[in-house]
Amino acid sequence: MAEAKKSDKSAVITEQVMLRYDYALGEVAGRFMAGLKDGKILATHCSKSGLTYLPPRSYCERSFEKCDGWVEAGLEGVIETSTIVVRGFEGKRKPPVAIAFVRLDGTDSAIGNYVDGLDLSDYEAAMKKIAPGKRVRVQFADAREGRITDFSFVCIE
Amino acid sequence: MSVYVLGVATHPASLSESRLRLEEMAYHTARAALDAAGVTRRQLDSLTLGACDELDGRPISSMLMSAPAGGYGTDEIKVTDSGASALCLAYARFLAGESQLGLVMSWCKSSKTDVETVMRLRGDPFYTRPLGIGAAIGDALFAQAIGEEFGVTENEATRRVVNAYARAARNPRGMAHPVPTAESVNAASFDALPLRSAQRAPLTDGAVALVLASDVFLNANPYCTPLAHVAGAGWASDSYRLDSARLRSMSSARTAWRTALQQAGLQSAADLDAVELESQTGYHEAAYVRAFGIEREEALSPSGGAFAQNPIFCTGLINAAEAVLQVAGQAGAVQRPNVRRAAAHGCHGYAQQGNVVIVFERAGGVQ
Amino acid sequence: MNETVAVLGTFQTEFKTHHPEHTFAEQAQLAAVGALQDAGMTPDDIDAIVFSLAPTYFMGVADADRWSIDYIFGAGKPMLRVHTGGATGGSAVQAGYNLVRSGLYRSVLIVGAERIAETPDAQNVLNLIFDVFYERDMPLSTNTTVGLWATRYLDRYGLTQEDMARVVVRARRNALKNPHAHLKGNVTVEDVMASRMISYPLKLFDICPRSSGSAAMIVGNMAMAKRFRSRPAFINGVASRTTTYWIGDRMTPSTDADFIDFDLAEAAARECYRIAGITDPLKQIQVTEFYDPYSIMTPVQLERLGFCASGMALRLERDGYWNVEDGAVAVNPSGGTLCTNPIAVTGLVRAIDAADQVMGKAGAMQVSNVRNALSSAVGGIAQFFNCTVFGAEPRSH
């Protein structure tokens, strides 16, 4: 559906495009999501490189071999980096929200998620609480649907 | 500077590869090509990808795709025209001395989205989009134009489709679609006149990777045995317009063909023992056969082409893999006897706006 | 083949949010015509085309390069389009360079256009580049991921938001001399600090604008250079590197491609410099035109590309070390990407700004005695990087 509109300076044709995609979960994402429902965070491990990955991968990018093991990640970890999103956008949580990439104990890569339980009225103070190096723990939602938002991070006091 | 193909791999063809994410398909195929070539990812100094964001469902698809395809600490570049176009750029990179061992990869999950919607999105918003022009209409206009130019009848187009399915049925790398009868093809409903749905190659999911090596690399690694020598590559794109003159002239196809053969030192199709055409319909095959002067039926698309598998964005690069296998004597049940030289063709855009032709010859040289 | 590759002509339009007076294809045409005129060439002198176009979701026409072909005099010619996200323009230059160097073509037109404001919010589109299962539920975008980058970089080196702000002050001031730049003006550190917070610690002024416009560069072999350009710039080195998508892999102790310190850029630069014969960047390179849509990115590139030690760039910024007038090297005299970001062609504009300096056609921005100029382009979340050295003399390699 397109209609031409006249504005003061020049004409515009407006169109909204709908493109639908079916994304296959693939070899590992399904198991990770199922693990979330069980209150677990599952990572994959490559015995050749010795690396343990979150989010889990089906193959190791370092060794270029298939990952050959599953590991339950610890439910605490360290913040590698963080930010407070002040200008967000549609379809996500209303800003301001805090995001952190956390390396959970027993893994070698950081996974991102929201940080809950922060007073975001003072950005500087909040950022100090989630500065690189601070430890956090995983908090699972009561109702889980097999989606990354089934858990979030909270600061360890 | 000479360029060789050291290994090829194609992903198992399917109508819908729902078990695997696109990244996983790419990893398996890249890994298979490297293993077939007897080299590791670490040895690569270039990666050339051919992929389409709109078909992949991401605005910068190579962000998630380049590492699975072997791009880790590597010089990587992506072209968007077609899988076969990626091979052209890679070829230029090698001739420029910029790479000694490289991977060329392309993929397409036709089942992932409505391909025709994506094709329609390629229409300019003012003159083309409102008419819903996409692949079906583009191919129909092409069929009409070359029908008039060359006197191609519906019966010929249908005969070619049936024969292509018959060849494809023997291809161990293809879908083994059932071979239709001419009657059933002629009775199928129209998608857009004169094209009937059954005259168009069905879409599939797939991926393909080729490992290229320079003569410098081969001299330093004598345990590596090349499958084929890349003798020439030509590509060109036509006007975006869909008028009769543009469609009938097949100018970019002729330019690509002429350029590739010239580089390979060849005079005509008679010098080629196999030509893998990208014929999305029977009309396409009828047109290319005449434009390229392919007279020997036995040289024509031994693999079955798009009727064997058709992950549409990379069908041309799959043709390249098939041509390499022919020259190397490794094409299996569809192998033609004594293939010294084989050409691969790919097309892309509305009504084959763009064309690619690549000529391969036996690695040891051809008498 | 190893042909020498020279820049024969360049052109860029004025960049602003909207160019309602042109369609996308007409926009591309302006650049093609401009570059041809600059080189004194006609379309028949162009053997092949490389089109620079990144995500088309911004302007809603897939493969808009196909639509543009007639407008850029390309019908019937060999044309390829490259797309490496933000690095696209740099990759396009690299592809054009390869085509000439291979000996297959004498000349290549590298051209592209951006109409980023044809969709209301670029960040909505940019959220879609992230992994659909693990990351799209979060408001990840280029703004937020670079926010993550900046947080860690400032923390690692004990630097502040005010330190970053000085980069913006210098960039906007430089852009006053750039007739093509989108944003320009005399802003102060206080202005930057007072601008709206977007994704901590990045504020509005730390972030590039969304620009529309077009650009083109013509490259050719030595025979073409002798015919068309009395003072060409020579592409003496170009290199690219790509790494994993997952930023979480690139910020932990086990990484071999640290995102915060942008190791990837150093790997590419090492090769580029080797080919171009650059052993002492500070002494041999007079101008840099970095790809820096965020204020944090120029300091990181200065460090990784050998102009100073890690963590030092923002400290040296305080001392005016990167000023055009009296600094040790003129950094982004054009104002850089902080002032102008037409995503599809930004990398090409970086290259054009660098090449123009060598060719002596940088106008009011001209630095004197430019022997070598460096441009860069970055794509994904610091995932794709390329850099190019343009020299006043050809260096055989």
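Every value quoted in this text rests on a predicted model; they were computed, and no experiment measured them.

Conventions adopted
- Residues numbered from 1 in each chain as written.
- Chains lettered and ligands numbered in written order.
- Predicted model: local features only at pLDDT ≥ 70, side-chain atom pairs only at ≥ 80, totals over all residues.
- Heavy atoms only, no water.
- Contact = heavy atoms within 4.5 Å.
- Buried area = accessible area lost by both parts, 1.4 Å probe.
- Salt bridge = Lys/Arg side-chain N within 4 Å of Asp/Glu carboxyl O.
- Polar contact = N/O pair within 3.5 Å; in protein donor to acceptor, adjacent residues only side chain to side chain.
- Helix = DSSP H or I, 4+ residues; strand = E, 2+ residues; numbered from the N terminus.
- Phe/Tyr/Trp six-rings, centres within 6.5 Å; stacked < 30°, edge-to-face > 60°.
- Buried < 20%, exposed > 50% of the residue type's maximum accessible area, 1.4 Å probe, protein only.
- Lys NZ or Arg CZ within 6 Å of the ring centre and 35° of its normal.
- Pairing = 2+ DSSP bridges.
- Axes fitted to C-alpha atoms, helices over the stretch in contact; angles between N-to-C directions.
- Nonpolar A, V, L, I, M, F, W, Y, C, P; charged D, E, K, R; others polar.
- Expected span 1.5 Å × (residues − 1).

A word on the interface of chain B and chain A
Logical step 1: Counting from both sides, the interface comprises 31 residues of chain B and, opposite them, 22 residues of chain A.
Logical step 2: At the boundary of chain B with chain A, total buried surface from both sides reaches about 2100 Å², with 57% on carbon and sulfur atoms.
Logical step 3: Viewed at the interface, chain A and chain B are joined by 1 salt bridge.
Logical step 4: The shortest N-O distance in the salt bridge between E65 of chain A and R31 of chain B comes to 3.2 Å.
Logical step 5: Taken together, the connections running from chain B to chain A amount to 10 residue pairs in polar contact (both at pLDDT 80 or more).
Logical step 6: Of all the secondary structure elements, the ones that give two or more residues to the side of chain B that touches chain A are α1 (22-37), α2 (53-56) and α5 (115-120) of chain B.
Logical step 7: A total of 6 residues in the side of chain B that touches chain A trace back to one element, the largest contributor, which is α1 of chain B.

A few points about the packing of aromatic side chains
Logical step 1: Evaluated as defined, the whole model comprises 23 aromatic pairs over all chains.
Logical step 2: Aromatic side chains W149 of chain C and F259 of chain C sit 5.1 Å apart centroid to centroid with 40 degrees between the ring planes, which places their arrangement in the tilted category. Of this pair, W149 of chain C sits in helix α5 (residues 142-157) while F259 of chain C sits in the loop between β8 (233-242) and α9 (263-276), and the two are 110 residues apart along the sequence. Side by side, W149 of chain C and F259 of chain C carry an identical accessibility label, which is buried.
Logical step 3: Ring pairing ties together the aromatic residues F126 and Y127 of chain B together with F24, F51 and W67 of chain C, which thus form one cluster.
Logical step 4: Positioned above the aromatic ring of F205 of chain C, the side-chain terminus of R172 of chain C is 4.7 Å from the ring centre.

Concerning unusual backbone geometry
Logical step 1: The omega angle of the peptide bond from L54 of chain A to P55 of chain A is -15 degrees, so this bond is cis rather than trans.
Logical step 2: Here P55 of chain A is to be found in the loop between β4 (52-53) and β5 (69-72).
Logical step 3: Along the chain, Y200 of chain C connects to P201 of chain C via a cis peptide bond; the corresponding omega equals 0 degrees.
Logical step 4: Take P201 of chain C: it is sitting in the loop between β5 (197-199) and β6 (202-203).
Logical step 5: One non-glycine residue, Q352 of chain B, lies in the positive phi region at around 40 degrees.
Logical step 6: Residue placement: Q352 of chain B occurs in the loop between β10 (341-348) and β11 (354-362).

Points about the sheet that holds β5 of chain A
All names here are of chain A.
Logical step 1: With antiparallel pairing, the 3 strands of this open sheet are ordered in space as β4-β3-β5. What marks the edges here is a single partner per strand, and that holds for β4 and β5.
Logical step 2: As defined by bridge partners, strand β3 (residues 42-45) adjoins β4 across 2 bridges and the pair is classed as antiparallel. If you follow T44 over to β4, its bridge partner there is Y53.
Logical step 3: Against the sheet, helix α1 (residues 26-37) contacts β3 and β5, and its axis sits at roughly 145 degrees relative to β3.

Re the interface of chain B and chain C
Logical step 1: Across the contact, 52 residues belong to chain B and 57 residues belong to chain C.
Logical step 2: Both faces combined, the contact of chain B with chain C buries some 4800 Å², and carbon together with sulfur accounts for 57% of it.
Logical step 3: Ranking the residues of chain B by area buried against chain C places P59, M63 and W235 of chain B at the top, with a combined share of 16%.
Logical step 4: Taken together, the links from chain B to chain C amount to 3 salt bridges.
Logical step 5: Between R101 of chain C and E98 of chain B there is a salt bridge whose closest N-O contact spans 3.1 Å.
Logical step 6: Linking chain B to chain C there are 25 residue pairs in polar contact (both at pLDDT 80 or more).
Logical step 7: Listing elements by their share of the side of chain B that touches chain C, those giving two or more residues are α2, α3 (62-65), β3 (76-79), α4 (83-95), β8 (228-237) and α11 (251-263) of chain B.
Logical step 8: At 6 residues, the largest contribution of residues to the side of chain B that touches chain C is made by α4 of chain B.
Logical step 9: Here the side of chain B that touches chain C is composed, by residue class, of 19 nonpolar, 17 polar and 16 charged.

As for α4 of chain B
Residues and elements named next belong to chain B.
Logical step 1: In this model, α4 (13 residues) spans 19 Å end to end at C-alpha, consistent with the 18 Å of a helix rising 1.5 Å per residue.
Logical step 2: Along α4, 13 of the 13 residues are buried, which leaves the element largely enclosed by surrounding structure.
Logical step 3: Measuring from the backbone nitrogen of A84 back to the side-chain oxygen at the start of α4 gives 3.4 Å, which picks out S82 as the cap.
Logical step 4: One or two residues past the end of α4 sits G97, with phi positive at roughly 75 degrees.

What to know about the environment of A28 of chain C
All names here are of chain C.
Logical step 1: Counting through the fold element by element, A28 comes out in helix α1 (residues 24-39).
Logical step 2: Among the residues examined, A28 registers a relative accessible area of 0% and is labelled buried.
Logical step 3: When the C-alpha positions of A28 and L183 are compared, they lie 22 Å apart, and in sequence the two are 155 residues distant.
Logical step 4: Setting aside chain neighbours within four positions, we find A28 in contact with F51, S68, I72, V111, A113 and S214.

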